[in-house]
Amino acid sequence: MAEKEYFIDDRVVVPDEIKRMTKEERLAEIARLEAEAAEKKKKIENHNKETA
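### Looking at the overall build of the chain
Reasoning step 1: Assigned secondary structure in the chain consists of two helices and zero strands.
Reasoning step 2: The C-alpha atoms of the chain give a radius of gyration of 18 Å, which is well past the 10 Å a tight globule of 52 residues would have.
Reasoning step 3: Overall, the C-alpha framework of the chain stretches about 45 × 40 × 15 Å when taken along its three principal axes.
Reasoning step 4: For the chain, the residues scored as buried account for 2% of the 52 residues in total.
Reasoning step 5: With an accessible surface of roughly 5,800 Å², the chain has 56% of that area assigned to carbon and sulfur atoms.
Reasoning step 6: For the chain, the distance from the average site of its 12 positive side-chain charges to the average site of its 14 negative ones is 3 Å.

Okay, structure coming up:
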């Protein structure tokens, strides 16, 4: 197999909305998004169990 070269591109544009958030607001938003992702993951796992 041919090896693939990977390049890390760490150039990120942070939206102004996020820049204006306080630390507490950012932490709350991160917690909300993590909870939402965990819920979606749980639904997918339950769906996979039901169809298996």
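From this point, the discussion proceeds with the structure in view.
### A few points about the environment of T22
Reasoning step 1: With respect to the element layout, T22 can be found in the loop between α1 (16-19) and α2 (23-51).
Reasoning step 2: Relative accessible area serves as the criterion here: at 38%, T22 is assigned to the partly exposed category.
Reasoning step 3: The spacing of T22 and I44 is 22 residues in sequence and 33 Å in space, taken between C-alpha atoms.

### Considerations on a nonpolar patch on the surface
Reasoning step 1: On the surface, a nonpolar cluster with roughly 250 Å² of combined accessible area is contributed by V12, V14 and I18.
Reasoning step 2: Secondary-structure assignment places I18 in helix α1.
Reasoning step 3: You can call I18 partly exposed: its relative accessible area is 36%.

### A closer look at the environment of H47
Reasoning step 1: In this structure, H47 sits in helix α2.
Reasoning step 2: A C-alpha to C-alpha distance of 24 Å links H47 and A31, two positions 16 residues apart in sequence.

### A few points about the pattern of salt bridges
Reasoning step 1: One pass over the structure, following the stated rule, counts five salt bridges.
Reasoning step 2: Residues R32 and E29 are paired through a salt bridge, measuring 2.6 Å at the closest nitrogen-oxygen approach. With a gap of three residues between them, R32 and E29 both fall in helix α2, about one helical turn apart.
Reasoning step 3: Residue classification places R32 among the partly exposed positions, given a relative accessible area of 42%.
Reasoning step 4: A salt bridge links E36 to R32; the shortest N-O distance between them is 3.0 Å. Of this pair, E36 and R32 both sit in helix α2, four residues apart, which is roughly one turn of the helix.
Reasoning step 5: Counted as one network, the salt bridges with shared partners bring together E29, R32, E36 and K40.

Definitions and limits used
Residues numbered from 1 in each chain as written. Predicted model: local features only at pLDDT ≥ 70, side-chain atom pairs only at ≥ 80, totals over all residues. Heavy atoms only, no water. Helix = DSSP H or I, 4+ residues; strand = E, 2+ residues; numbered from the N terminus. Rg over C-alpha atoms; globule rule 2.2 N^0.38 Å. Buried < 20%, exposed > 50% of the residue type's maximum accessible area, 1.4 Å probe, protein only. Areas by Shrake-Rupley, 256 points an atom, 1.4 Å probe, with all protein chains shown as cover. Lys, Arg positive; Asp, Glu negative; His and termini not counted. Charge placed at Lys NZ, Arg CZ, Asp CG, Glu CD. Patch = residues over 30% accessible without salt bridge, like charges linked within 9 Å, V, L, I, M, F, W, Y side chains within 5 Å. Salt bridge = Lys/Arg side-chain N within 4 Å of Asp/Glu carboxyl O.

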